[in-house]
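# Structural description and commentary
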Amino acid sequence: EINEGDWSSDVCSSDLERRLVIPDPTNSISRTHLRLGPASGGVWVEDAASTNGTVVRNAAGAVAHLVRGRRTLLPPGTTIIMGERTMMIMSGSPR
């Protein structure tokens, strides 16, 4: 079950973009699958109208599907699931 406070879509951020290529020999993720960026309290993530959608799982194990085109704040410990690939939001400063 997803609690209302687990994720937030009210995120402000910069419009600077960088492309991150994720190797995917299974072709389970779209060419431009999602967008993400730093935010206070975590990272904002937006599904970029991907074919298979984007799923997130919080540290407690609750799962939710991202709404296409809506930025959602994800706290550290959240796993982003894109097709057969995953990445986890970690806390700490970029190096």
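What this report covers is the structure whose coordinates are included nearby.

Thresholds applied
- Residues numbered from 1 in each chain as written.
- Predicted model: local features only at pLDDT ≥ 70, side-chain atom pairs only at ≥ 80, totals over all residues.
- Heavy atoms only, no water.
- Buried < 20%, exposed > 50% of the residue type's maximum accessible area, 1.4 Å probe, protein only.
- Helix = DSSP H or I, 4+ residues; strand = E, 2+ residues; numbered from the N terminus.
- Pairing = 2+ DSSP bridges.
- Salt bridge = Lys/Arg side-chain N within 4 Å of Asp/Glu carboxyl O.
- Core = buried A, V, L, I, M, F, W, Y, C linked by side-chain atoms within 4.5 Å.
- Axes fitted to C-alpha atoms, helices over the stretch in contact; angles between N-to-C directions.

## As for the pairing of strand 2 (residues 42-47)
Burial runs high along strand 2: 6 of the 6 residues are buried. Note that strand 1 (residues 34-39) and strand 2 share 6 bridges and pair antiparallel. Bridge pairing in strand 2 links Leu34 to Asp47. The loop that links strand 1 with its antiparallel partner strand 2 comprises 2 residues; one of these, Gly41, has a positive phi angle of about 90°. Examined bridge by bridge, strand 2 and strand 5 (residues 72-74) share 3 bridges and lie antiparallel to one another. Across the sheet, Trp44 pairs through a bridge with Leu73, a residue of strand 5.

## Describing the pattern of salt bridges
Considering all chains together, one arrives at 3 salt bridges under this definition. A salt bridge links Arg35 to Glu46; its shortest N-O distance comes to 3.7 Å. A residue pair is termed long-range when its members are at least 10 positions apart, and Arg35 in strand 1 and Glu46 in strand 2 qualify at 11 residues. Ionic pairing is found between Arg68 and Asp47, a salt bridge with its closest N-O pair at 4.0 Å. A residue pair is termed long-range when its members are at least 10 positions apart, and Arg68 in the loop between strand 4 (63-65) and strand 5 and Asp47 in strand 2 qualify at 21 residues. Each of Arg35, Glu46 and Arg71 takes part in salt bridges that share partners, so that together they form one network.

## Observations regarding the nonpolar core
With 11 residues, the main nonpolar core is built from Ile29, Leu34, Val43, Val45, Val56, Ala64, Leu66, Leu74, Ile80, Met82 and Ile89. Broken down by secondary-structure element, the contributors of at least two residues to this core are strand 2 and strand 6 (79-82).

## A few points about the sheet that holds strand 4
With respect to topology, 4 strands assemble into an open sheet ordered 4-3-6-7, the strand pairing being antiparallel. Of all the strands in the sheet, the pair left with one neighbour each is strand 4 and strand 7 (85-88). Taken over all neighbouring pairs, the strand axes of this sheet differ in orientation by 20° on average, direction set aside. Alignment of strand 3 (residues 54-57) against strand 4, held across 3 bridges, turns out to be antiparallel. Of the residues in strand 4, the one forming a bridge with Arg57 is Val63.

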